[in-house]
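The primary structure of each chain is shown beneath.
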Amino acid sequence: MFFSTRDSEKKLYKASQVIKQGLAEDGGLFVPDSIPTVTLDEIAELANRSYPEKAARILSLYLSDYTYEELLEDAMNAYCAASFPDGAAPLKKIKDNTYSLELWRGPTAAFKDMALQIMPRLLSRALTKTGEENTALILVATSGDTGKAALEGHKDVDKVKIMVFYPVDGVSKVQKLQMATQTGSNVNVCAINGNFDDAQTGVKKIFSNTEAKAKLLENGYILSSANSINWGRLAPQIVYYFHAYCELLKNGEITLGEKINVCVPTGNFGNIFAAYLAKLMGLPIDKMVCASNSNNVLTDFIETGVYDRNRKFHLTMSPSMDILISSNLERLLYFTAGTEATKAYMSALSADGRYEVSEDVKKAISENFVGYCADEDETATALRNYYNNGYLADTHTSVALSCAEKYLRDTNDTKKMVVVSTASPYKFAADVYKSINGNEAAEGTGALDQLEALTGMEISYPLKDLDKRTVNFNTVIDADDMLEEVYKFM
Ligand SMILES: *Cc1c(COP(=O)(O)O)cnc(C)c1O
């Protein structure tokens, strides 16, 4: 069962309700009422299992109103060879003691696929389990990557429809093409005249419009979101840390029980929080290195105990980490400080953009987490150095590579380090190209071809021949007309 991080009464909810609802009524995030454990023997046994089997096993520990068979079916469909032709999460040795866990081998070439390929299936079942007769209409405002991953994950899933809004000039040409060429019978994509905030505000307005919600309900629709704070997106992320450990074990790189470190390029704190849960469940992880770009609010927080979003916002070449409010951090605060303190921190954050945790909480956090950041030059240098040593990484992964090096330099820690790789280099081809050889790349899809010619690494399958695909969506509307567009889609 689950309850909200902000509920002193700890009212309990079933997993299906939690996945259907996303966020608790009090604005808190859902957390499990206890942490299930996995023994070393079970980990050794999991090492002989396929990725979907590992996923079904780990998910079944949390989603207790889903059967193992249901979870296995969903995992097999989510992580099938058609979507992940190179396997769900290949682990590559890239240096002595350093490994890259490639989470971007899925249908949109970014790590969000790992959660978004399975979450919609869990949601579809959640609707049935909670007796919901209406269709869930997912509305998403995107500045690029999440929109495409959400579209791919929800397409043709039963009892679900999805509509994505993006700022007409606020996403890259490649991202625009990815969304405009989307297929599926239950999807819609719409560009907004305005910026990302206009799109997001428009979606929020629809969510809080009672009249609109009543009209949607009359027509058989309830609104839902595909947000990264949904437990249904977090839980599938725990799996790949177990998988990484199992792979190291299977390949004889570690012995059973040997501790490893992980380094995670972080934005909303979802990916790295899943590592923390894996550790609480018994996976032998020592340190979690929280890697940030120039938006280093988390680096400062881990070091000083002060979370302060009142700072300059930097646009970087790792845009998915350009975040000043890391929503999932609330879950860590709950686990280390409890409900009352978490509530106080969160209201200080919304009132002043700042809070300071107690010395005890700070200490508990730094027993598990170390924070490092890499600026644009350091990121480009790490990218270039690894490329020259035979490993091509994207810009987000390169932030983590740079941070992992700093951690090693400071500690001389000899444990194996798993660096989490979150996007295909081709997803950010122009910046990757420029980081390697200093030259500006061509506009749009031209950069992909240039990077392929330079590196000889094949373009990720979801990004191949993008400009030759059929454009299915080219509507551009004003932000004020978003609701009208939703009605039309309905
Ligand atoms: C979303 C994203 C991240 C950040 O992950 P969080 O779970 O938000 O910390 C890092 N890299 C890429 C490429 C992403 O898309």
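Notes on the structure follow. The structure presented is a predicted model; accordingly, all values stated were derived computationally and were not measured.

Details of the site of the ligand
- Contacts to the ligand come from 14 residues, most closely from K112, G267, N268, N271 and T422.
- Between N268 and the ligand, the recorded distance is 2.7 Å, taken from a backbone N or O atom to an oxygen atom.
- Separating an oxygen atom of the ligand from a side-chain N or O atom of S320 is a distance of 3.4 Å.
- The protein chains hide 96% of the 380 Å² of surface that the ligand would expose on its own.
- Residues that form the shell around the ligand fall into these classes: 5 nonpolar, 8 polar and 1 charged.

Quick notes on the pairing of strand 5 (residues 135-141)
- In terms of residue burial, strand 5 counts as a mostly covered element, since 6 of its 7 residues are buried.
- For strand 5 and strand 6 (residues 160-167), the ladder comprises 6 bridges, and the chain directions are parallel. Paired with I138 across the bridge in strand 6 is I162.
- One crossover worth recording links strand 5 to the parallel strand 6 by way of helix 7 (residues 145-154), and it is right-handed.

A short note on the pairing of strand 14 (residues 416-421)
- With 6 of its 6 residues buried, strand 14 lies for the most part within the structure.
- In this structure, strand 4 (residues 98-102) lies alongside strand 14, joined through 5 bridges in parallel fashion. Note on strand 14: the bridge partner recorded for L101 is V420.
- Of the pairings in the sheet, the one linking strand 9 (residues 260-265) to strand 14 comprises 4 bridges and is parallel in character. Counted as the bridge partner of C263 is V419 from strand 14.

Notes on the side chain of S100
- Position of S100 relative to the elements: it lies in strand 4.
- Looking at S100, its side chain comes within polar contact range of the side chain of Y391, at 2.7 Å.
- Once residues lying within four places of it in the same chain are set aside, the contact partners of S100 are P90, L91, K92, I94, Y391, V419 and S421.

Details of the packing of helix 4 (residues 68-78) against helix 6 (residues 119-129)
- Interaxial distance between helix 4 and helix 6 falls to 10 Å at its minimum, and their mutual angle equals 150°. On the basis of the axis angle, helix 4 is roughly antiparallel to helix 6. Residues E70, L71, E73, D74, N77 and A78 of helix 4 pack against R121, L122, R125 and K129 of helix 6.
- Residues of the contact of helix 4 with helix 6, tallied by class, amount to 3 nonpolar, 1 polar and 6 charged.

Examining the sheet that holds strand 14
- Sheet architecture is open: 6 strands sit in the order 3-4-14-9-10-13, paired in mixed fashion. If you trace the sheet from one side to the other, it starts and ends with strand 3 (91-95) and strand 13 (369-373), each paired once. On average, each strand axis in the sheet is inclined to that of its neighbour by 25°, with strand direction left out of account.
- Direction of pairing for strand 9 relative to strand 10 (residues 285-292): parallel, over a ladder of 5 bridges. Across the sheet, residue C263 finds its bridge partner in strand 10, namely V289.
- With respect to the sheet, helix 17 (residues 395-411) is in contact with strand 3, strand 9, strand 10, strand 13 and strand 14, its orientation differing from that of strand 14 by roughly 160°.

Some words on the environment of N385
- Considering the arrangement of structural elements, one finds N385 in helix 16 (residues 376-388).
- With 68 residues separating them along the chain, N385 and A453 place their C-alpha atoms 19 Å apart.

Some remarks on the packing of aromatic side chains
- For the coordinates displayed, the defined rule picks out 18 aromatic pairs.
- Centroid distance F273 to Y276: 5.7 Å. Interplanar angle 40°. Geometry classified as tilted. Of this pair, F273 and Y276 both sit in helix 12 (residues 270-280), 3 residues apart, which is roughly one turn of that helix. Taken as a pair, F273 and Y276 share a single burial class, namely buried.
- Both rings, one in F301 and one in Y307, keep their centres 5.8 Å apart while their planes meet at 65°; by these two values the pair is edge-to-face. Residue F301 shares its accessibility class with Y307, and that shared class is buried.
- Sitting over the face of the ring of F489, K161 holds its NZ or CZ atom 4.8 Å from the ring centroid.

Describing the nonpolar core
- Counting residues in each nonpolar core, the largest one holds 109 residues, and the members touching the most others are L63, Y79, Y241 and Y355.
- Among the elements that make up this core, the one with the highest residue count is helix 11 (residues 231-250) (13 residues).
- One finds V289, V399, C403 and Y407 within the second-largest nonpolar core, a separate group that totals 20 residues.

Looking at the packing of helix 9 (residues 196-207) against helix 20 (residues 482-489)
- In contact at an axis separation of 10 Å, helix 9 and helix 20 are set at 65° when each is read in the N-to-C sense. Our pair here, helix 9 against helix 20, has a crossing hand that is right-handed. Two secondary-structure elements touch here, helix 9 through D198, A199, G202, V203 and I206 and helix 20 through M482, L483 and V486.
- Residues belonging to the contact of helix 9 with helix 20 are distributed by class as follows: 6 nonpolar, 1 polar and 1 charged.

Conventions used here
In this convention, every chain numbers its residues from 1, walking through the sequence in written order. Residues qualify for local features only when their pLDDT is at least 70, as the model is predicted, and side-chain atom pairs are given and counted only at 80 or more; totals for whole chains, interfaces and linings, by contrast, use all residues. Side-chain measures were taken over the full set of non-hydrogen atoms in the model, leaving aside hydrogen atoms and water. Near, as used in this document, describes a residue that has one of its heavy atoms within 4 Å of the molecule or strand being considered. Polar contact is defined as a pair of N or O atoms within 3.5 Å, subject to the rule that within protein one atom must be able to donate a hydrogen and the other to accept it, and that residues adjacent in sequence are counted only when both atoms are side-chain atoms. The Shrake-Rupley method, run with a 1.4 Å probe sphere, supplies the accessible areas, and residue values consider only the shown protein chains as cover. Residues are grouped as follows: Ala, Val, Leu, Ile, Met, Phe, Trp, Tyr, Cys and Pro are nonpolar; Asp, Glu, Lys and Arg are charged; all remaining types, including Gly, are polar. Burial status follows relative accessibility: with a 1.4 Å probe on protein chains alone, a residue under 20% of its type maximum counts as buried, one over 50% as exposed, and anything between as partly exposed. Helix and strand assignments follow DSSP, with helices taken as H or I runs no shorter than four residues and strands as E runs no shorter than two, numbered in order from the N terminus. Strand pairing is assigned whenever DSSP detects at least two bridges linking the two strands. Crossover handedness is defined here as right-handed if the route from the first strand over the helix to the second strand goes clockwise, with the strands pointing away from the viewer. The criterion used for residue contact is that any of the two residues' heavy atoms lie within 4.5 Å. The axes used here are C-alpha line fits, helices contributing only the stretch in contact, and every angle between their N-to-C directions lies in the interval 0 to 180 degrees. Orientation labels follow simple angle bins: below 35 degrees gives roughly parallel, above 145 gives roughly antiparallel, 65 to 115 gives roughly perpendicular, and whatever is left gives oblique. When two rings of Phe, Tyr or Trp (its six-membered ring) have centres within 6.5 Å they constitute a pair, described as stacked for plane angles under 30 degrees, edge-to-face for angles over 60, and tilted for the intermediate range. Only when the NZ of Lys or the CZ of Arg is both within 6 Å of the ring centre and within 35 degrees of the ring normal is a charge said to sit over the ring. Buried Ala, Val, Leu, Ile, Met, Phe, Trp, Tyr and Cys residues that are joined via side-chain atoms within 4.5 Å together make up what is termed a nonpolar core. Working rule for handedness: look at the near helix, and if it is turned counterclockwise from the far one by less than a right angle, call the crossing left-handed; if clockwise, right-handed.

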